[in-house]
Amino acid sequence: MDCKNAQTLIGGYLDRELDPVQSLEIEDHLHGCTACSQSYKDHQVLSEGLRTGSVYFKAPAGLEKRIQRAVRQAAKAESAPRWLSWSWVRMAAPLAAAALVLFTLMPFLRGPSTEEILTREVVSGHVRSLMANHLADVVSSDQHTVKPWFNGKLDFSPPVEDLAKQGFPLIGGRLDYLDNRPVAALIYQRQKHFINLFVWPSGSDSDVETKTVSRQGYNLFHWTRSGMTYWAASDLNNAELQEFVQLVQNQT
Ligand SMILES: [Zn+2]
């Protein structure tokens, strides 16, 4: 080990931070080198002095408290007039962000809306009626046969109109189950397309504007008028189905 190395390692040696090999090497060097040996002694004295506190001055009594008081007063003077200080903003921002995320996700967390559920039920009801060859419980084009057929089967009397003259002949009627209740299904035909017109009491006096929606290739129209909810479902094109809806609305 040369002097340069020894000088850089003296501090570590003094603090017993060197590994045994390095310690032996530096000890060896210190024995044979007066300059480094003197340097080591100087280090020792300095280190000892720092440890025993001869160069350490104790802060005067009460200084700590005076500083704390001054800092508190300064902080108060600065933040008192501002109700919404930055520390508040820093705390509130992540909460606001979390609330925003939750609010955005709410519709997904809640699942489909009642209207969406009903839309699916109506489509299922329409598809089922065509699948099971169970389109009508009462097959008749006569509204005076179809309307009384519902008596005793439902707790309401659905408005039944034959629309044959307007190109939508009445085929018959059927009981179905939608929105957790038995409903009337009136079946109309347009060429080779069938239309299911589901009717049940809305449970409210307020009318609801006509809305249209498409699902799985079927067109749907629904509205509420005079205390009755109507859903028309068909694979008929939207324009012709709308024509049918207008006719029904004019009759009721
Ligand atoms: Zn040396």
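The coordinates are above.
Draft legend 1. Structural view of the overall build of the protein. Each helix and strand counted, the protein has eight helices and seven strands in total. Its C-alpha atoms give the protein a radius of gyration of 45 Å, more than 25% over the compact-globule value 18 Å for 252 residues. Taken across its 252 residues, the protein has 33% of its residues classed as buried. Long-range pairs, those at least 24 residues apart, make up 55% of the contacts in the protein with a sequence separation of at least 6. Working note: accessible area of the protein is about 16700 Å², and carbon and sulfur atoms make up 57% of it. Across the protein, the centroid of the 25 positively charged side chains sits 8 Å from that of the 27 negatively charged ones.

Draft legend 2. Quick peek at the coordination of the zinc ion. Donor atoms from the polypeptide that bind the zinc ion are Cys3 (SG), His29 (NE2), Cys33 (SG) and Cys36 (SG), placed at 2.1 to 2.3 Å. For the zinc ion, the single-chain donor residues occur in sequence as C-x25-H-x3-C-x2-C. With Cys3 in helix 1 (residues 3–14) and His29 in helix 2 (residues 20–32), this pair connects stretches of sequence that are 26 residues apart. Looking at Cys3, the relative accessible area reads 37%, which means it is partly exposed.

Draft legend 3. Broad picture of the nonpolar core. Counting 39 residues, the largest nonpolar core has Leu197, Phe198 and Phe244 as the members making the most contacts within it. If you list the elements that add at least two residues to this core, you get helix 6 (114–131), helix 7 (143–149), strand 2 (170–178), strand 3 (181–190), strand 4 (193–201), strand 6 (218–225), strand 7 (228–234) and helix 8 (238–251). Beyond its immediate sequence surroundings of up to four residues, Leu197 is in contact with Ala184, Ala185, Leu186, Tyr188, Trp223, Tyr230, Trp231, Ala232, Phe244 and Val248. Listed in part, the eleven residues of the second largest apolar core include Leu9, Leu18, Ile26 and Leu30.

Draft legend 4. Spotlight on the packing of helix 2 against helix 3 (residues 34–52). Running from amino to carboxyl end, helix 2 crosses helix 3 at an angle of 110°, the nearest separation of the two axes being 6 Å. Taken as axis vectors, helix 2 and helix 3 run roughly perpendicular relative to one another. Read as a crossing pair, helix 2 and helix 3 show a hand that is left-handed. Judged by residue contacts, His29, Leu30 and Gly32 of helix 2 engage Thr34, Cys36, Ser37 and Tyr40 from helix 3.

Draft legend 5. Quick peek at a negative patch on the surface. On the surface, a cluster of negative charge is contributed by Asp19, Glu25, Glu27 and Asp28. Relative to the helices and strands, Glu27 resides in helix 2.

Draft legend 6. Summary view of the sheet that holds strand 5 (residues 208–215). The strand order 1-2-3-4-7-6-5 describes an open sheet built from seven strands, whose pairing is antiparallel. For this open sheet the edge positions go to strand 1 (138–139) and strand 5, each flanked by a neighbour on one side alone. The sheet contact formed by strand 5 and strand 6 spans six bridges and is antiparallel. Paired with Arg215 across the strands is Tyr218, a residue of strand 6.

Definitions and cut-offs
Residues numbered from 1 in each chain as written. Predicted model: local features only at pLDDT ≥ 70, side-chain atom pairs only at ≥ 80, totals over all residues. Heavy atoms only, no water. Helix = DSSP H or I, 4+ residues; strand = E, 2+ residues; numbered from the N terminus. Rg over C-alpha atoms; globule rule 2.2 N^0.38 Å. Buried < 20%, exposed > 50% of the residue type's maximum accessible area, 1.4 Å probe, protein only. Contact = heavy atoms within 4.5 Å. Areas by Shrake-Rupley, 256 points an atom, 1.4 Å probe, with all protein chains shown as cover. Lys, Arg positive; Asp, Glu negative; His and termini not counted. Charge placed at Lys NZ, Arg CZ, Asp CG, Glu CD. Donors = N, O, S within 2.8 Å, 3.2 Å for Na, K, Ca; no water. Core = buried A, V, L, I, M, F, W, Y, C linked by side-chain atoms within 4.5 Å. Axes fitted to C-alpha atoms, helices over the stretch in contact; angles between N-to-C directions. Parallel < 35°, antiparallel > 145°, perpendicular 65-115°, else oblique. Left-handed = near helix turned anticlockwise from the far one by under 90°. Patch = residues over 30% accessible without salt bridge, like charges linked within 9 Å, V, L, I, M, F, W, Y side chains within 5 Å. Salt bridge = Lys/Arg side-chain N within 4 Å of Asp/Glu carboxyl O. Pairing = 2+ DSSP bridges.

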